[in-house]
Amino acid sequence: MLANLSAADPGMRAEALRWFTAHGDSGDAAVVAPLVLDPGEFDDRDHDDPPESARTPVRMVALEALARLRAPGMFAGVFDDALQDGDLRVRGRAALGASAGALLARLAVEGDRGVRYRIAVGLLAGDVGRDQAVTALERLRGGDDPAAVAAASVLGAVACLPDAARSCRIPAALPEDLGR
């Protein structure tokens, strides 16, 4: 396939981005980055999907490609700017490479639970904002949506990391009544 990032059809641009994601490297990030501003949308339904519209922004696919090309450090400003996008799917993808400062600022105002989850997980990886991330995940845990289930799972894993702010909650020895 010839990856055509300048094709007139937004779906073809998205396919080109996906090709770069699978076959490119960090050197390709510079040609992918401008598509973060692409206003195009395309129908991303499979043949088995329901008939309602499934418009996917090209800029969302571009953010995913930049993250997978291991380029967030080089393009942190692009990810930071995308955290302000009106489409929650784009904001969620922007959390893949945004700076800790931008993530913390967005966490304070983000209304969507799924995006808050993605931001909190993004903050857990760094040293800055880890406490705020854990607090956000604890708040998200109270619910019955996918963000609540995911937050509970991440909190369970974080609690047992050796370098976590909280100590591991697994007992050092089993209680006597469970050992029998």
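What counts, and at which threshold
- Residues numbered from 1 in each chain as written.
- Predicted model: local features only at pLDDT ≥ 70, side-chain atom pairs only at ≥ 80, totals over all residues.
- Heavy atoms only, no water.
- Salt bridge = Lys/Arg side-chain N within 4 Å of Asp/Glu carboxyl O.
- Helix = DSSP H or I, 4+ residues; strand = E, 2+ residues; numbered from the N terminus.
- Buried < 20%, exposed > 50% of the residue type's maximum accessible area, 1.4 Å probe, protein only.
- Axes fitted to C-alpha atoms, helices over the stretch in contact; angles between N-to-C directions.
- Left-handed = near helix turned anticlockwise from the far one by under 90°.
- Contact = heavy atoms within 4.5 Å.
- Nonpolar A, V, L, I, M, F, W, Y, C, P; charged D, E, K, R; others polar.
- Parallel < 35°, antiparallel > 145°, perpendicular 65-115°, else oblique.

A. View of the pattern of salt bridges. Under the counting rule described, the total for this entry stands at eight salt bridges. With a shortest N-O distance of 2.7 Å, Arg 93 and Glu 64 are connected by a salt bridge. On the criterion of sequence distance, the pair formed by Arg 93 in helix α5 (residues 88-94) and Glu 64 in helix α3 (residues 58-68) is long-range, its members being 29 residues apart. For Arg 93, a relative accessible area of 17% puts it in the buried group. Residue classification places Glu 64 among the buried residues on the basis of a relative accessible area of 17%. With a closest N to O distance of 2.7 Å, Arg 113 and Asp 145 form a salt bridge. Separated by 32 residues along the polypeptide, Arg 113 in helix α7 (residues 113-124) and Asp 145 in the loop between α8 (130-141) and α9 (146-158) bring together distant segments of the chain. We classify Arg 113 as partly exposed; its relative accessible area is 23%.

B. Examining the packing of helix α6 (residues 100-109) against α7 more closely. Between α6 and α7, the shortest axis-to-axis distance is 10 Å and the interhelical angle comes to 145°. As α6 runs across α7, the sense of the crossing is left-handed. Side by side, α6 and α7 meet where Ala 100, Leu 103, Leu 104, Arg 106 and Leu 107 of the first sit next to Arg 116, Ile 119, Gly 122 and Leu 123 of the second. Looking at the contact of α6 with α7, its residues break down into six nonpolar, one polar and two charged.

C. Molecular detail of the packing of α7 against α9. Following both chains from N to C, one finds α7 and α9 inclined at 15°, their axes separated by 9 Å at the closest point. In terms of orientation, α7 and α9 fall into the roughly parallel class. Here α7 and α9 pass one another in a crossing that is left-handed. Here Arg 113, Gly 114, Tyr 117, Val 121 and Leu 124 of α7 come into contact with α9, specifically with Ala 147, Ala 148, Ala 150, Ala 151, Val 154 and Val 158. Considered class by class, the residues forming the contact of α7 with α9 number nine nonpolar, one polar and one charged.

D. Region of interest: the environment of Val 134. Within the secondary structure, Val 134 sits in helix α8. In this structure the C-alpha to C-alpha distance between Val 134 and Ala 159, which are 25 residues apart in sequence, comes to 9.8 Å.

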